[in-house]
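What follows is the residue order along each chain.
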Amino acid sequence: MKINLKNGIDKLIFGMKQNDVIAIYGKPNKNYKDEDDNVIFVYNNLKTRLTFYKDEELKLGYLVASNPDLELLGNKIISKKITDVKKDLVQKGITKFTQEEFDTFENYFNEENWIIFQTEFDEVVKFEIGAIINNKDEFEWKFKK
């Protein structure tokens, strides 16, 4: 599953509606609303969670994945040491990360690409990517029908 920076993962493109996703991947294993009334789809086989934002006409705006086949810029990232992942990214010009710690987990956030690597025991266990928000504070939707 290829991560497409600023666009999404695999065939999932920011700005898709629920029906667009279902047409590609079928019905989700789980479908619920979060505390903000956003719609969440969970696909067990993809090990991916999708968030459709209520305030944005239920467009796909956020993805969380732990699929072992996730690939960023030609490199697999799940179960890799975060130092190796960051070293690979430096070669591609991605160098700025904000680090946060939660118990045994650490998050490495890159705002420019709106990505988060969640690690535990120094290995990447989860990857998050969100739709880009421009300097006008608006989402940059990539999906065009």
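Look above for the structure.
Residues numbered from 1 in each chain as written. Predicted model: local features only at pLDDT ≥ 70, side-chain atom pairs only at ≥ 80, totals over all residues. Heavy atoms only, no water.

1. Digging into empty space enclosed by the protein
Right, so step 1: Scanning the model with the defined rule gives 1 cavity of 30 Å³ or more in all.
Right, so step 2: Approximately 50 Å³ is the volume found for the largest cavity.
Right, so step 3: Surrounding the largest cavity, Leu 72, Leu 73, Asn 75, Lys 76, Ile 77, Lys 80, Val 85, Asp 88, Leu 89 and Lys 92 form its lining.
Right, so step 4: Of all the secondary-structure elements, those providing two or more residues to the lining of the largest cavity are strand S9 (75–76) and helix H2 (82–90).
Right, so step 5: The greatest single-element share of the lining of the largest cavity, amounting to 3 residues, is contributed by H2.
Right, so step 6: Looking at the lining of the largest cavity residue by residue, the classes come out as 5 nonpolar, 1 polar and 4 charged. (1 Å grid on protein atoms, 1.4 Å probe; cavity = no way out; pocket = protein on both sides within 12 Å on 5 of 7 lines; lining within 4 Å. Points joined across faces, edges and corners; volume = space filled by probe spheres on them. Helix = DSSP H or I, 4+ residues; strand = E, 2+ residues; numbered from the N terminus. Nonpolar A, V, L, I, M, F, W, Y, C, P; charged D, E, K, R; others polar.)

2. Comments concerning the side chain of Gln 118
Right, so step 1: The residue Gln 118 is located in strand S12 (residues 115–120) in this model.
Right, so step 2: Reaching out from Gln 118, the side chain makes a polar contact with the side chain of Asn 107 at a distance of 3.3 Å.
Right, so step 3: Excluding anything up to four places from it in sequence, Gln 118 contacts Phe 105, Glu 106, Asn 107, Glu 123, Val 124, Val 125 and Lys 126. (Polar contact = N/O pair within 3.5 Å; in protein donor to acceptor, adjacent residues only side chain to side chain. Contact = heavy atoms within 4.5 Å.)

3. Quick look at the environment of Leu 58
Right, so step 1: For Leu 58, the location among the structural elements is in the loop between strand S6 (48–53) and strand S7 (59–65).
Right, so step 2: Using a relative accessible area of 27% as the deciding quantity, one classes Leu 58 as partly exposed.
Right, so step 3: Once residues lying within four places of it in the same chain are set aside, the contact partners of Leu 58 are Met 16, Lys 17, Gln 18, Val 39, Phe 52 and Tyr 53. (Buried < 20%, exposed > 50% of the residue type's maximum accessible area, 1.4 Å probe, protein only.)

4. Regarding the side chain of Thr 48
Right, so step 1: Checked against the element boundaries, Thr 48 lands in strand S6.
Right, so step 2: Within polar-contact distance, the side chain of Thr 48 engages the backbone oxygen of Leu 46 at 2.8 Å.
Right, so step 3: Look past the residues within four positions of Thr 48 in its chain and what remains in contact with it is Met 1, Leu 12, Phe 41, Val 42, Tyr 43, Leu 63, Val 64 and Ala 65.

5. Some words on the pairing of strand S11 (residues 105–110)
Right, so step 1: In terms of residue burial, S11 counts as a mostly covered element, since 5 of its 6 residues are buried.
Right, so step 2: In the sheet, strand S10 (residues 98–102) pairs with S11 via 5 bridges, with the strands oriented antiparallel. Paired with Glu 101 across the bridge in S11 is Glu 106.
Right, so step 3: Two successive antiparallel strands, S10 and S11, enclose a turn made up of 2 residues, where Asp 103 displays a positive phi of approximately 50°.
Right, so step 4: Inspection of the sheet shows S11 paired to S12 by 6 bridges, in the antiparallel sense. Its bridge partner lying in S12, Glu 106 is registered against Thr 119.
Right, so step 5: The hairpin turn running from S11 into S12, its antiparallel successor, is 4 residues long, and Trp 114 in that turn takes a positive phi close to 50°. (Pairing = 2+ DSSP bridges.)

6. What about helix H1 (residues 18–25)?
Right, so step 1: Among the residues of H1, Gln 18, Asp 20 and Val 21 are the ones counted as buried. Down the axis of H1, the sector holding all buried residues measures 160°, keeping them to one side. Seen from the buried face of H1, the exposed residues on the opposite side, beyond 90 degrees, are Asn 19 and Ala 23.
Right, so step 2: On its buried face, H1 is in contact with strand S3 (12–13), strand S5 (39–43) and S6.
Right, so step 3: Just past H1, the residue Gly 26 takes up positive phi, approximately 80°. (Arc of directions from axis to C-beta.)

7. What about the packing of aromatic side chains?
Right, so step 1: Under the criterion given, the structure shown has 8 aromatic pairs.
Right, so step 2: What links up through ring pairs into an aromatic cluster is the set Tyr 25, Phe 41, Tyr 43 and Phe 52. (Phe/Tyr/Trp six-rings, centres within 6.5 Å; stacked < 30°, edge-to-face > 60°.)

Everything listed here is a matter of geometry and, on its own, says nothing about what the molecule does.
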